[in-house]
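Summary of structural features
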Amino acid sequence: MKRSILLLLCLIWSLSALAQIRLGQSRYASPKPINILELNYAKPQKFRIAGIKAVGLSTLDEVAIISLSGLKVDDRIEVPGDAISGALKKLWGQGIIGDVKILVTKIEGEDIYLLLDLTERPRFSRVEFSGINKTQEGELRDKVNIRGRVVRDDVLNTAKRNIEKYYLDKGYLNTEVKIIQDRDTTLPNSVKLRFDIDPKAKVKINEIAIYGNEEISDSAIKGKLKKTKEHARIAIFKDIYSRILDADAKSISTSIFNTQEASEEQVNQYIHKNFKLNFFNGSKFIPKEYRSDKEKAITFYNSKGFRDAKILEDSVYDFTENKINIDISLEEGRKYYYRNITFTGNYIHEDEVLLAKLGIQKGDVYDKEKLDKRLNYDPQKGDDVSSLYQDNGYLFFSIDPVEINVSGDSIDLEMRIFEGPQVTVNSVGIKGNDRTSDHVVMREIRILPGQKFNRSLLVRTIRELSTLGYFDPEKINPDLRPNFESATVDITFELEERPNDQIELSGGWGGFFGFVGTVGLVFNNFSIKNIGDFSKWDPLPVGDGQKLSLRVQANGQAFQNYSLSLSEPWFGGKKPNSLSFAFNHSVQRQVDYFNQAGGGDLGSFKITGVTLGLSRRITWPDDYFSISNSLQFQNYEFNQFGTSFGLSYATGNSKSVVLNTTIARNNVDNTIYPRQGSNIILSMNLTPPYASLNNNLNEESQDQDKYKWLEYHKWMFDASFYTPVFGSPKWVASARAHMGFLGSYGNKLGIIPLERFVMGGDGMNFNNFALGQEIIGLRGYENQSITPGRNTRGTANPDPYGGVVYNKYVMELRFLVSPNPSATIFLLTFAEAGNNWGDYRDFNPYNLNKSAGVGARIFMPAFGLLGVDWGYGFDPIPGTLRRSGPKFHFTIGQQFR
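Residues numbered from 1 in each chain as written. Predicted model: local features only at pLDDT ≥ 70, side-chain atom pairs only at ≥ 80, totals over all residues. Heavy atoms only, no water.

For the chain, the count of helices and strands is 18 helices and 35 strands. Buried residues in the chain amount to 43% of all 897 residues. A separation threshold of at least 6 residues defines the contact pool for the chain, and within that pool the share at least 24 residues apart is 60%. Carbon together with sulfur atoms contributes 53% to the accessible area of the chain, which is approximately 46700 Å² in total. (Helix = DSSP H or I, 4+ residues; strand = E, 2+ residues; numbered from the N terminus. Buried < 20%, exposed > 50% of the residue type's maximum accessible area, 1.4 Å probe, protein only. Contact = heavy atoms within 4.5 Å. Areas by Shrake-Rupley, 256 points an atom, 1.4 Å probe, with all protein chains shown as cover.)

What follows is the structure, encoded as structure tokens:
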């Protein structure tokens, strides 16, 4: 028995020794390797790593994988030990390995040879979508960017959640997403991925029910749920039903239902039959917007004094498969008022000064939103409490309103102030102006090194940079880096340039002239200095803020216009004195299209003009003012055309030398979509008094002599005001007034027949082609239809064509759809009125032609501002009995009048 046991032990020892000799053999070298994890942890041994290899890789780099494991040749490790387990964790943690083993291929004394036996995870080679349109697919590819990534469950789940969220934000609450994986046989270790998407129908809000509100009506609360609207039919139903059930509205019920007590079912049927549209308010349900709207509703309550208002609970539940109902239960709480307001920590300004600037009195309704604005920053007024300090260098100023006592419905506030040191501007820099030269940007910056910090100058600088037109106004960011110890601040204005050169390639119907084509080029950031530096050409030399404009309009023989202008806004480079030059040549012909062999030209009118102007900014009454002067020479040439203007001769020539002086004040915050501010312009045109210098001229003189040199004075007034409404920067109200007067220096010659006012239509020269006249738009009426002398053109004794005095008033409500600088879009509704008189004795500012309508504008950097309006004229065109009625108008460029 003992011999048998001894023989068995010898046999086991022999097999063990044989195994030790064959450690180096594997499926890669005939002996099978040993998994380190199978070694005896009770007796770890120290080894020096003599070699490491990795196998099983198809796309990954062997050297990189070994490096990721943390194991290196010549490292001394314990086997088994922490180094091995740590290497496994590191490889697993990369998420790119499906399986990993660390094997021993050979042991020689204290040297050990390791083998990393790996299995790579496959990768996504292609991502496809089905069940959706191309637009949605393009947007989803940006959100599901997993091509080339390793196949993992968490990657797939994240992609699925992103798709569901994408549709959730569009109102699709029931979207189904299926993930299908197929092996890609065209690439090694790759998987094709397809998302089968069924968005289902959008989920609409059928009804919103408000409970617990006694002080504020349902409609007022729902009005604050800007993005969460119930179906319009339901809203109409509630309104009409409440009116019909009212005792005072029984007559309405009787007229509709032949009974004074209409049932809810009768009213419901009537609504569904007669009100089919959802109007302009979308009723889709978006959870993110709903959460935001609930906060807005409570903020609205707070602004009315209900500081404790809260939503107790709300529920969203199915009404039908694609409609939901929302119930909101409120607790309004007590309405509070301000009582005592005190200040602490203020050493520079007295309590009375701060209280006056705060603008809140004892007994006012508690309004936390207004309080925050009046303390920190009020964008509409700009004269909040913080401005007292921060406009005088106290950048670190802070004020904390603390409710120190709440008694009944009264609140006592203590304003705890930290004034801090006066801060000096240490440096001012800019970045992001790749096309625009530094000096063009820096000359618009109002806050400069060495000055005390001034918040108003910082805001003014942002406005000036916005109005340049070279940068995206929404992305101008002043990066302030204050240093409390040195009481200094470094300011960097972060800018993002946008394309602002414009190419106009368009065609339109010019009334009598038919189709008219236009080619125009406007380079708003031109540089004369860089003409010789081809590296600054894009496509012409850019960077110095000069403006070059070229424009050609033509309709064969009937009409041509050629114009060129160049302006330098900082002539001399030291002060904002703008020098401008302009040249214009226009030809208007009457063409006999039936007698082309005989020349076809029945007459023509040509204007050639040259203008040289100089303008400068002034600092009184404030630094939003500017004054400009220009000198213009124009030559008017008539060839069988003079009678069209009411002249007694058909062929002749007139000239004019005009001195223009314009005083303007402009503080609008954005040239494309102004949200606040005003633009007021008073312009005066004067010619020399030729008649006073020539005793041979009088009212009885021939027209050829009287109008050889035009003598007149013209006054133009334009005012535009903008203000945000409805508490949103997207809604803006605009009010405009325009007036014009044309006169003579006496009765010796009378008022000239040229340079008069032509009113009606879109206000564009492009569509009116009224050369030698001032074009005034009036939507809802045909082009030039509100013009004295219009009905006598072509008669034997025509009246002068055009008015000598006009006025016009416009109100617009605008809504910003997209602030994107590459395509800024806004909608508008308007009401306007105006008239045009040929004699001052007929002038009546209350006798106006009225219209109203809607429109849309889109600004694209390459083409400028494009617009379409639908206007309804409420009054008859002069000389007719029927009201003007509906008219469509198309506009190109910014219309000022």
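With that settled, the discussion passes to the environment of T488. With respect to the helices and strands, T488 occurs in strand β17 (residues 488-494). Judged by its relative accessible area of 18%, T488 is buried.

Our focus in this paragraph is the nonpolar core. Counting residues in each nonpolar core, the largest one holds 28 residues, and the members touching the most others are Y636, F638 and L710. When residues of this core are traced back to their parent elements, those giving at least two are β23 (601-618), β24 (625-639), β29 (757-759), β31 (805-818) and β32 (824-837). If we ignore the near neighbours within four places in the chain, the residues touching L710 are Y636, S654, K655, S656, T687, Y690, I752 and L754. Listed in part, the 24 residues of the second largest apolar core include I65, L91, I102 and L114. (Core = buried A, V, L, I, M, F, W, Y, C linked by side-chain atoms within 4.5 Å.)

Turning to the packing of helix α4 (residues 134-143) against helix α5 (residues 153-168), a few remarks are in order. Contact geometry of α4 with α5 gives a least axis separation of 10 Å together with a crossing angle of 130°. Compared by their axis directions, α4 and α5 come out oblique. Between α4 and α5 lies a crossing whose hand is right-handed. Residues Q136, E139, L140 and K143 of α4 form the contact with α5, whose own contacting residues are N162, I163, Y166 and Y167. (Axes fitted to C-alpha atoms, helices over the stretch in contact; angles between N-to-C directions. Parallel < 35°, antiparallel > 145°, perpendicular 65-115°, else oblique. Left-handed = near helix turned anticlockwise from the far one by under 90°.)

Glancing now at the packing of aromatic side chains. Counted under the stated rule, the structure contains 21 aromatic pairs. Measuring from ring centre to ring centre gives 5.4 Å for Y338 and Y366, while their planes differ by 45°; the resulting arrangement is tilted. Linking Y338 in strand β12 (residues 337-344) with Y366 in the loop between α11 (351-358) and α12 (368-375), this pair joins segments that are 28 residues apart in sequence. The same class applies to Y338 and to Y366, which are both buried. Ring geometry for Y389 versus Y394: centroids 6.0 Å apart, planes at 85°, classification edge-to-face. Three or more aromatic residues joined by ring pairs form one cluster here, namely Y166, Y167 and Y172. Positioned above the aromatic ring of Y113, the side-chain terminus of K106 is 4.5 Å from the ring centre. (Phe/Tyr/Trp six-rings, centres within 6.5 Å; stacked < 30°, edge-to-face > 60°. Lys NZ or Arg CZ within 6 Å of the ring centre and 35° of its normal.)

Turning to its location among the elements, N561 is positioned in strand β21 (residues 559-568). What makes N561 buried here is its relative accessible area of 8%. Looking at N561, its side chain comes within polar contact range of the side chain of S586, at 2.4 Å. Beyond its immediate stretch of four places on either side in the chain, N561 contacts R551, V552, Q553, N584, H585 and S586. (Polar contact = N/O pair within 3.5 Å; in protein donor to acceptor, adjacent residues only side chain to side chain.)

Strand order in the open sheet formed by three strands is β9-β11-β10, and the pairing between neighbours is mixed. If you trace the sheet from one side to the other, it starts and ends with β9 (204-211) and β10 (310-320), each paired once. Averaged over neighbouring strand pairs, the angle between their axes works out to 15° when direction is ignored. When β9 meets strand β11 (residues 323-331), the two strands line up parallel, connected through seven bridges. (Pairing = 2+ DSSP bridges.)

For helix α15 (residues 455-468), spanning 14 residues, the distance from its first C-alpha to its last is 20 Å, which sits close to the expected 20 Å at 1.5 Å a residue. Every buried residue of α15 is accounted for by R455, L458, R460, T461, R463, E464, L465 and S466. The N-terminus of α15 is capped by N454, whose side-chain oxygen sits 2.9 Å from the backbone nitrogen of S456. Positive phi shows up at G469, right after α15, with a value of about 85°. (Expected span 1.5 Å × (residues − 1).)

The next subject is the side chain of S654. Among the structural elements, S654 can be located in strand β25 (residues 652-666). S654 gets classed as buried once you look at its relative accessible area, which sits at 1%. One polar contact links the side chain of S654 to the main-chain carbonyl oxygen of Y707, over a distance of 2.6 Å. Those residues within four positions of S654 in sequence are excluded, and the remaining contacts are Q634, N635, Y636, F638, Y649, Y707, K708 and L710.

Between helix α2 (residues 62-69) and helix α3 (residues 82-93), the shortest axis-to-axis distance is 8 Å and the interhelical angle comes to 125°. It follows from the interaxial angle that α2 and α3 lie oblique. Contacts between α2 and α3 pair I65, L68 and S69 from the former with A87, K90 and L91 from the latter. Taken together, the residues of the contact of α2 with α3 sort by class into four nonpolar, one polar and one charged. (Nonpolar A, V, L, I, M, F, W, Y, C, P; charged D, E, K, R; others polar.)

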